[in-house]
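Examining the three-dimensional arrangement
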Amino acid sequence: MGDAIAYSNPGDNEVNRGIHEVFSQTLKSLANEAGEKAPLCIIGHSLGAVIASHYVWDLQGNNSQPIVSIGNTPLEKCETLNLFYTLATQIPLWAISYKDFGQPINIPAPQLSSHYPQLTGEWINFFDKDDVLGYPLQNINDDYAKVVVDKQVNAGNFWSSWSPLSHNGH
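Read on for a plain summary of the structure. Note that the coordinates shown come from a computational prediction; the quantities given were computed from them, not determined experimentally. (Residues numbered from 1 in each chain as written. Predicted model: local features only at pLDDT ≥ 70, side-chain atom pairs only at ≥ 80, totals over all residues. Heavy atoms only, no water.)

Describing helix α2 (residues 14-34)
With 21 residues, α2 extends 30 Å from end C-alpha to end C-alpha; this agrees with the ideal 30 Å at 1.5 Å per step. All of the buried residues in α2 are Asn16, His20, Phe23, Ser24, Leu27 and Ala31. Along the axis of α2, the buried residues cluster in a sector spanning 100°; they form a single face. Opposite the buried face of α2, by more than 90 degrees, sit the exposed residues Val22, Asn32 and Glu33. Taken from the residues just after α2, glycine 35 is the one with a positive phi, measuring 120°. (Helix = DSSP H or I, 4+ residues; strand = E, 2+ residues; numbered from the N terminus. Expected span 1.5 Å × (residues − 1). Buried < 20%, exposed > 50% of the residue type's maximum accessible area, 1.4 Å probe, protein only. Arc of directions from axis to C-beta.)

Below you can see the structure in the form of structure tokens.
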């Protein structure tokens, strides 16, 4: 819970800046290894899904100034993002701080067709009804319903799948 509190209370933005810097550096490494225009798939679990969504949301022009410097390749700018998979996400908890619960990120990225005209995108959100920290997203608002497909799963093992402990079983 401490991580979520630190991330949700930007204060001087130092925590968020550090987290987003790691995200940026990871995309840079991926662009170097896979190619500057490689199609991008992001898989985020729990708070990681929130962080990924915030990062991409900033890059898609929803924040006038991203909190970290971004690389120059299409992959680093998330222009090649076509797949987003969230597992046990708390995005709805962050959405309540926005008018009408805010706007989801665009999947696929608006620029994807200029790099890969044949690719389409998808955002699938996996959640377990017993997980008190992971939620469906389609019912946040109409915009989320248009972008996200919720898939209910039974996460965890025999001992944890029926309880809140299923959160770590995704």
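Now that the structure has been shown, we can carry on.
A look at the environment of glutamine 90
Within the secondary structure layout, glutamine 90 lies in the loop between β2 (81-87) and α4 (91-95). Taking the C-alpha atoms as reference points, glutamine 90 and glycine 134, 44 residues apart in sequence, are found 5.6 Å from one another. Of note is the side chain of glutamine 90, whose polar atom sits 3.0 Å from the side chain of serine 46. (Polar contact = N/O pair within 3.5 Å; in protein donor to acceptor, adjacent residues only side chain to side chain.)

A closer look at the pairing of strand β1 (residues 40-45)
Side chains Leu40, Ile42 and Gly44 of β1 all project onto a buried face; the interleaved residues Cys41, Ile43 and His45 project onto a face where none is buried. Pairing of β1 with β2, which is carried by six bridges, proceeds in the parallel orientation. Bridge pairing in β2 places isoleucine 42 opposite phenylalanine 84. (Pairing = 2+ DSSP bridges.)

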